[in-house]
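# Report on the structure
Now for the letters of each chain:
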Amino acid sequence: MQETTTINNNFKSEEYFINMGPQHPATHGVLRLLLTIDGEIIKKVEPDLGYIHRSIEKMCERDSYQQIVHLTDRMDYLSSHINNEAVCLTVENALQLEIPERVKVVRTIIGELTRIASHCLWWGVMGMDVGALTTYFYGFRDREMINDIFEETCGARLTMNYNVPGGLMWDIHPNFVNRVKAFVKHFKTKIPEYDRLLTGNVIFQKRTKGVGVLSKEDAISFGASGPVGRGSGYSCDVRKYHPYSALDKVTFKESLQTAGDTFARYQVRIQEMWQSLSIVEQLIDNIPEGEHRVKTNAVIKLPKGEFYQKVETARGELGVYVISTGTKNPYRLKFRSPGFSNLSLLNHIAVGGKIGDLVATMATLDLVIPDIDR
Amino acid sequence: MSYFSNIFYGIKTLLTGMRVTGKYFLNSRKGAITQQYPDNRGILKMFDRFRGEVIMPHDENNEHACTGCQKCEIACPNGTIEIIWDRGLDEATGKKKKKIDQFVYHLSLCTMCGLCIDVCPTDAIEWGQNFENSVYDRTALTRVLNKPDSKIRPGVED
Ligand code: SF4
Ligand code: SF4
């Protein structure tokens, strides 16, 4: 970078700014970035939000607790099952409901499959952002199998809404176990292929190593979570520190990298796919028998007080904070969404880089815009 | 020297990647997942639980199981369901009883959350697997689910 910043005296250099987005393929949604640039060097990145704001938090104040669940599908739609789970866990903990083991295990399996599906999509799009179109098709091919599993059991491919306060909407489909096993077998041969195709590729490495470096201290102070934080060596896996559902019964390694650059965040996600696969494998063979749902009142009223539950979505820590006054609607419901905090550090790590690096950096932040705007 | 080894290393990693794509290129038929829609319309079958639209099944006597209790209307988060009801004479008991006149379903508003079907005490509504819902006029998406002249199946109570 050094040589390009030395200004040739014959030419006058001037800062100017351009809009990246709201309709830009690399922002993966309607996010507008105001870039102040000098030549190709980025001086400042200002995200402009609100293009897809649907006031979900306000709608939650109007809705009953059963109805809130389906709204969270529409936040981080790639982790929709985990979002649903977060709301359901909050309600169940507040009511002190005893949840059957079967529900916990199924929730965890589907949650980890969601994580894999999300990372598959991210991997495909990441490759495409840095110029490798093939990855896109391979990522989607593998995600397709998971989507079929979801469609058969939950009825939908993306906005599943399979969790209800008290359990699951239906029991798992008879084909579920076989399909998941077939997927695990299939996907084990595919991750090494991902590595051969993209991870080892020299162009890809040149474009990602040393780009968008985030130090551990900054990761903590910006509130980074998920693979973004772990790529900087900040151990922050909610699944490890505050296990929920059946995650306390499985063993898995938290994937950590210390470099903090784009490539480190890439590696964290690839490792997470392996870890998620191993979690699914540990659970799939012994799903306990039992009820798939416990009865709740038709009108759920939470006791008076404040409740908080956090889960690890594919993007990081999602927190659900409910203030209840004892009525059938929450008085206030706040989502702590991982995408919003991760976006806040974009300016910090992109300044000094080039526009092309910004695209690569954004790809590993793995932003989902509806999650940021809500 | 490292200049040349860098070049060779670069070429090697590119070839490794090309091997993967080459494998799929040669076996393109085996791994293909693309669906030939709409050519495969005849054999394309959605999963049983697929949420395409809310339907109200009628039996051969043109009878349904909806009592008009309006629980689905209350459970729906966005006013997709409107039940226009009436009181009619129950033939068995001779008493006046609530019955539906029109079960209006706005497909254009429905988020497919499934709460209505979940809450229905008599399983009067269920998921339909139709997914080809595009129309030229959006008023066509407002449907009346109970068929004309249909009645509630005798014996269904909520
Ligand atoms: S469909 Fe079911 S819930 Fe809705 S009014 Fe009819 S009986 Fe009641
Ligand atoms: S599926 Fe959900 S949105 Fe659609 S009619 Fe039923 S309750 Fe309403």
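These numbers come from a predicted model, not from an experiment. (Residues numbered from 1 in each chain as written. Chains lettered and ligands numbered in written order. Predicted model: local features only at pLDDT ≥ 70, side-chain atom pairs only at ≥ 80, totals over all residues. Heavy atoms only, no water.)

Moving on: empty space enclosed by the protein. A water-sized probe, rolled over the atoms, reveals where empty space remains. Residue and element names in this part refer to chain B. Considering all chains together, one arrives at five cavities of 30 Å³ or more under this definition. One number sums up the size of the largest cavity: a volume of about 90 Å³. Forming the walls of the largest cavity are 15 residues, and the residues nearest its centre are C66, C69, C72, C120 and A124. (1 Å grid on protein atoms, 1.4 Å probe; cavity = no way out; pocket = protein on both sides within 12 Å on 5 of 7 lines; lining within 4 Å. Points joined across faces, edges and corners; volume = space filled by probe spheres on them.)

Mapping A:S225 onto the fold places it in the loop between helix 9 (216-221) and helix 10 (226-231). Here the side chain of A:S225 touches A:E317 through a polar contact of 3.0 Å, landing on its backbone nitrogen. (Helix = DSSP H or I, 4+ residues; strand = E, 2+ residues; numbered from the N terminus. Polar contact = N/O pair within 3.5 Å; in protein donor to acceptor, adjacent residues only side chain to side chain.)

This part takes up the domain arrangement of chain B. Once the domains are mapped, chain B shows domain 1 (1-34) and domain 2 (53-152). The distance between the C-alpha centroids of domain 1 of chain B and domain 2 of chain B comes to 56 Å. (Domains from an automatic or database assignment.)

Take the site of ligand 2 next. Near ligand 2 lie 13 residues; those nearest to it are B:C76, B:C110, B:C113, B:G114 and B:C116. Its residues placed into classes, the shell around ligand 2 shows nine nonpolar, four polar and no charged. (Near = heavy atom within 4 Å. Nonpolar A, V, L, I, M, F, W, Y, C, P; charged D, E, K, R; others polar.)

Residues and elements named next belong to chain A. Counting 81 residues, the largest nonpolar core has I109, L113, W123, Y162, F187 and Y266 as its most contacted members. Top element by residues in this core is helix 5 (residues 101-129). It accounts for 12 residues. If we skip the residues at most four places from it in the chain, Y162 touches H81, N84, V106, I110, T153, C154, G167, L168, M169, W170, D171 and I172. Core analysis: the second largest hydrophobic core is formed by 23 residues, L35, A219, I369 and I372 among them. (Core = buried A, V, L, I, M, F, W, Y, C linked by side-chain atoms within 4.5 Å. Buried < 20%, exposed > 50% of the residue type's maximum accessible area, 1.4 Å probe, protein only. Contact = heavy atoms within 4.5 Å.)

This part takes up the layout of surface pockets. If you add up the space inside the largest pocket, you get close to 1200 Å³. For the lining of the largest pocket, the secondary structure elements donating two or more residues are helix 6 (133-154) and helix 7 (176-199) of chain A together with helix 1 (2-26) and helix 2 (28-31) of chain B. By volume, the second largest pocket amounts to about 970 Å³. Residue assignment for the lining of the second largest pocket shows that the elements contributing at least two residues are helix 3 (65-72) of chain A together with helix 3 (71-75), helix 4 (115-119) and strand 5 (126-128) of chain B. Broken down by element, the residue count for the lining of the second largest pocket peaks at four residues, all from helix 4 of chain B. Considered class by class, the residues forming the lining of the second largest pocket number 14 nonpolar, seven polar and 10 charged.

Residue and element names in this part refer to chain A. Relative to the helices and strands, N163 is located in strand 6 (residues 163-164). For N163, a relative accessible area of 0% gives the class buried. A distance of 2.9 Å separates polar atoms of two side chains, one belonging to N163 and the other to R107. Setting aside residues up to four positions removed in sequence, N163 forms contacts with V69, H81, N84, E85, C88, R107 and L168.

What follows is about the environment of A:L97. Residue and element names in this part refer to chain A. Looking at the secondary structure, you find L97 in the loop between helix 4 (80-95) and helix 5. Through-space distance from the C-alpha of L97 to that of T296 is 8.7 Å; in sequence the pair is 199 residues apart. Not counting residues within four places of it along the chain, the set of residues in contact with L97 comprises E92, G166, V294 and T296.

Residues and elements named next belong to chain A. When the UniProt feature table is mapped onto this chain numbering, "domain: NADH-quinone oxidoreductase subunit D" (unreviewed entry) sits at residues 129-298 and 300-374. Helix makes up 55% of residues 129-298 and strand 2%, whereas the separation of the span's terminal C-alpha atoms amounts to 47 Å. Structurally, residues 300-374 is divided into 37% helix and 28% strand, and its ends, taken at the C-alpha atoms, are 24 Å apart. (UniProt positions renumbered as here; feature names shortened; annotations may be inferred.)

Moving on, we get to the site of ligand 1. Residue and element names in this part refer to chain B. Around ligand 1 lies a shell of 14 residues, among which C66, C69, Q70, C72 and C120 are the nearest. The site holding ligand 1 turns out to be the largest cavity. In the shell around ligand 1, the residues fall into nine nonpolar, four polar and one charged. (Sits in = over half its atoms within 2 Å of the grid points.)

All names here are of chain A. In contact at an axis separation of 10 Å, helix 7 and helix 12 (residues 262-284) are set at 160 degrees when each is read in the N-to-C sense. Between helix 7 and helix 12, the angle falls in the class roughly antiparallel. Pair helix 7 / helix 12 crosses with left-handed handedness. The residue inventory of the contact of helix 7 with helix 12, partitioned by class, reads 18 nonpolar, one polar and four charged. (Axes fitted to C-alpha atoms, helices over the stretch in contact; angles between N-to-C directions. Parallel < 35°, antiparallel > 145°, perpendicular 65-115°, else oblique. Left-handed = near helix turned anticlockwise from the far one by under 90°.)

Here we come to the pattern of salt bridges. In the structure shown here, the tally under the stated rule is 35 salt bridges over all chains. The partner of A:E193 in a salt bridge is A:K190, and the shortest N-O contact between them spans 4.0 Å. Here A:E193 and its partner A:K190 are both found in helix 7, three residues apart, which amounts to about one turn of the helix. Judged by relative accessible area, A:E193 falls into the buried class, the value being 3%. Taking the shortest distance from any N to any O, the salt bridge between A:D248 and A:K249 comes out at 3.9 Å. Residue class for A:D248 comes out exposed when judged on its relative accessible area of 52%. Judged by its relative accessible area of 48%, A:K249 falls in the partly exposed class. Each of A:R141, A:D142, A:K190, A:E193 and B:K23 takes part in salt bridges that share partners, so that together they form one network. (Salt bridge = Lys/Arg side-chain N within 4 Å of Asp/Glu carboxyl O.)

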